[in-house]
Amino acid sequence: MLSRLQELRKEEETLLRLKAALHDQLNRLKVEELALQSMISSRRGTEMLSSQCVPEQSNDMLMHVDNEASINQTELKLSTRSPMMEEEEEEEEESDS
């Protein structure tokens, strides 16, 4: 019974760390989204001035706002286990054997 309670506490700690990691990642993504929106709006302002000369060029640029290469460069860090936790789990498994 006591070991089950300890297991549940460890699981709760892990879930809380996961929640914090996901919250941090969400905040980073929100900041990145705002930065991209700002870049888009500044480009639109620049394009509005140049669109009087070449209207087709501004339409092309607006369609390519989502740059796949830059999106793929974004690294998501979703690991909730620290190297210390993994070592502790390995030690527990060895002692149980």
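Since this is a predicted model, take the numbers as computed values, not measurements. (Residues numbered from 1 in each chain as written. Predicted model: local features only at pLDDT ≥ 70, side-chain atom pairs only at ≥ 80, totals over all residues. Heavy atoms only, no water.)

1. Here's the deal with the overall build of the protein chain
Across its full length, the protein chain holds 4 helices and 0 strands. Along its sequence from the N terminus, the protein chain presents helices and strands in the succession α-α-α-α. Within the protein chain, buried positions represent 7% of all 97 residues. Here the protein chain displays about 8,900 Å² of accessible surface, and carbon together with sulfur accounts for 55% of that area. (Helix = DSSP H or I, 4+ residues; strand = E, 2+ residues; numbered from the N terminus. Buried < 20%, exposed > 50% of the residue type's maximum accessible area, 1.4 Å probe, protein only. Areas by Shrake-Rupley, 256 points an atom, 1.4 Å probe, with all protein chains shown as cover.)

2. Digging into the pattern of salt bridges
Evaluated as defined, the whole model comprises 2 salt bridges. Taking the shortest distance from any N to any O, the salt bridge between Arg4 and Glu7 comes out at 3.5 Å. Here Arg4 and its partner Glu7 are both found in helix α1 (residues 2–50), 3 residues apart, which amounts to about one turn of the helix. According to the relative accessible area criterion, Glu7 is partly exposed, its value standing at 47%. In this structure, the salt-bridge partner of Glu13 is Arg17, at a minimum N-O distance of 3.6 Å. Of this pair, Glu13 and Arg17 both sit in helix α1, separated by 4 residues, roughly a single helical turn. (Salt bridge = Lys/Arg side-chain N within 4 Å of Asp/Glu carboxyl O.)

3. With respect to the confidence of the model for the protein chain
The predicted coordinates ought not to be read in detail in places where the model reports low pLDDT. When pLDDT is averaged across the protein chain, the result is 76; 57% of the residues are at 70 or more. Mean pLDDT across the secondary structure elements of the protein chain bottoms out at helix α2 (residues 55–63), with 48, and peaks at α1, with 90. Considering only residues more than four positions removed or in separate chains, one finds that residues 60–64, a stretch of pLDDT under 50, has 3 contacts. (pLDDT = per-residue confidence, 0-100. Contact = heavy atoms within 4.5 Å.)

4. Regarding a negative patch on the surface
A contiguous patch of negative charge, built from Glu88, Glu90, Glu91, Glu93 and Glu94, is present on the exposed surface. Note on placement: Glu88 falls in helix α4 (residues 83–96). We classify Glu88 as partly exposed; its relative accessible area is 44%. (Patch = residues over 30% accessible without salt bridge, like charges linked within 9 Å, V, L, I, M, F, W, Y side chains within 5 Å. Lys, Arg positive; Asp, Glu negative; His and termini not counted. Charge placed at Lys NZ, Arg CZ, Asp CG, Glu CD.)

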